[in-house]
Amino acid sequence: IDFDIGQCASRVTARARSCAMSKSMVNVFVLGGTGLVGSALVRQLRAALSSTSTSAIRLCGFANSRTLTRVNAHDDVQQPLTRAGEVSDEEIASCVDGSGAVCVVDCTSSQDVSARYAPWLEQSWHVVTCNKKVNSGDLAYYKRCVDATQSTGGKWFVEATIGAGLPIVSTLRTLRATGDSVEIVQGIFSGTMSFLFNTWDGKSAFSEIVKLAKDAGYTEPDPREDLNGLDVARKVVIAARECGMMISLSDVDVESMVPSDLESCSTDEFMKRFHENDESMAQRARAAAETGAVLRFVGCVDVANNKASVSLATFPNTHPFATLSGADNIFEIRSARYGPTGSSTPLIIRGPGAGAEVTAAGVYGDIVQLAKEISTRYI
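Read on for a plain summary of the structure.

**Let's talk about the overall build of the chain**
And step 1. Within the chain one finds 15 helices and 13 strands.
And step 2. For the C-alpha atoms alone, the extent of the chain along its principal axes is close to 95 × 55 × 40 Å.
And step 3. Taking all 379 residues of the chain together, the buried fraction comes to 47%.
And step 4. Within the chain, contacts between residues separated by at least 24 positions form 66% of all contacts whose residues are at least 6 apart in sequence.
And step 5. Side-chain charges in the chain split into 36 positive and 43 negative, and the spacing between the mean points of these groups amounts to 5 Å.

This is the structure:
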């Protein structure tokens, strides 16, 4: 009997490699897969995965509040959800073909979806999200999710929750992991507020700039949701927690741009009366201009003093915040290595901090990172 040891070893190696690839496959299921960000992510995944047959990532399905779509090799199969408004774990698992990891991607802003992160992580599923609800929400639930990642092997990626595709979370984690000490993180966290103060010259009526932005779709349908600073405050909480400050939203000192007497009226009445605030805003702009400065709406995490804030602040015309344009975001990180303490300049990260394509790209980047981390288990 002829027995070719080399050929036998080659077959065993091939089987082992195939088994390892099967176990390291990341099966991606996208919630909110027909929304702006979710559909952009599905398109990006399809485009990238169609160009390679060796990817460790597989798009297995996506869903909205009504239907589930199973992604197969040759066609998609759509079916109504068993229970309207909620995709069950069984429905997600049924889309996974064979072995491998399950990665649930949350492209919604739903509190109900984010409330399932801990159970998913506790059963060793992985979560990638651009939904800010959990990592800026209830501290006890946030800690439960973190604890689950440390005890079960489930991984939780949140890069897109602060600056869309900008590498804010990963940069903060890298700084801390390499022994740096973050002192201050401040920035223009909101594309809407960036656009308003980059566009306003301080001389025209601020209320007119808000109206123009609303008509152009730069603000929420009710601009107060941008002007009240709460969205920025949520991102500040996320940044603070990434720096080791276990704070809650109530711990952030928020300066709202909404006058107290216009907080509870209708959107129409707010838009009609917001001009009453124009002179107050003009005075602040003039005061800043007299010192060679501009106004910018910023979030700040002061790690050294354990404080977090959102405010309308002044910056010299030469400061990077003053030279921003359009609706870009910008972040300044000062640490023991970057900034005055380290006899260096601060670390600056700048770019688009909103938009479906760049947010989806940030989410996709997290999926790729997850696939890399899982693959190392089977090398």
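**Section: the sheet that holds strand β1 (residues 26-31)**
And step 1. Taken together, 7 strands build an open sheet; the order of strands is β4-β3-β2-β1-β5-β6-β7 and the sheet is mixed. Each edge of the open sheet is held by one strand with a lone partner, namely β4 (76-80) and β7 (156-157).
And step 2. Pairing of strand β5 (residues 101-106) with strand β6 (residues 126-129) involves 4 bridges; the strand directions are parallel. Bridge pairing links V105 to V128 in β6.
And step 3. Sheet strands in contact with helix α2 (residues 36-49) are β1, β2 (57-63), β3 (67-71), β4 and β5, and its direction is about 150 degrees off that of β2.

**Comments concerning the sheet that holds strand β12 (residues 328-335)**
And step 1. Read across the sheet, 6 strands follow the order β9-β11-β10-β8-β12-β13 without closing on themselves; strand pairing throughout is mixed. With one partner strand each, in any of the chains shown, β9 (253-254) and β13 (347-352) form the two edges of the open sheet.
And step 2. Inspection of the sheet shows strand β10 (residues 293-302) paired to strand β11 (residues 307-316) by 10 bridges, in the antiparallel sense. By the bridge assignment for β11, F297 is matched with L312.
And step 3. Most of the contacts of helix α12 (residues 230-242) go to β10, to which it runs at about 45 degrees, and overall it touches β9, β10 and β11.

Procedures and definitions
Residues numbered from 1 in each chain as written. Predicted model: local features only at pLDDT ≥ 70, side-chain atom pairs only at ≥ 80, totals over all residues. Heavy atoms only, no water. Helix = DSSP H or I, 4+ residues; strand = E, 2+ residues; numbered from the N terminus. Buried < 20%, exposed > 50% of the residue type's maximum accessible area, 1.4 Å probe, protein only. Contact = heavy atoms within 4.5 Å. Lys, Arg positive; Asp, Glu negative; His and termini not counted. Charge placed at Lys NZ, Arg CZ, Asp CG, Glu CD. Pairing = 2+ DSSP bridges. Axes fitted to C-alpha atoms, helices over the stretch in contact; angles between N-to-C directions.

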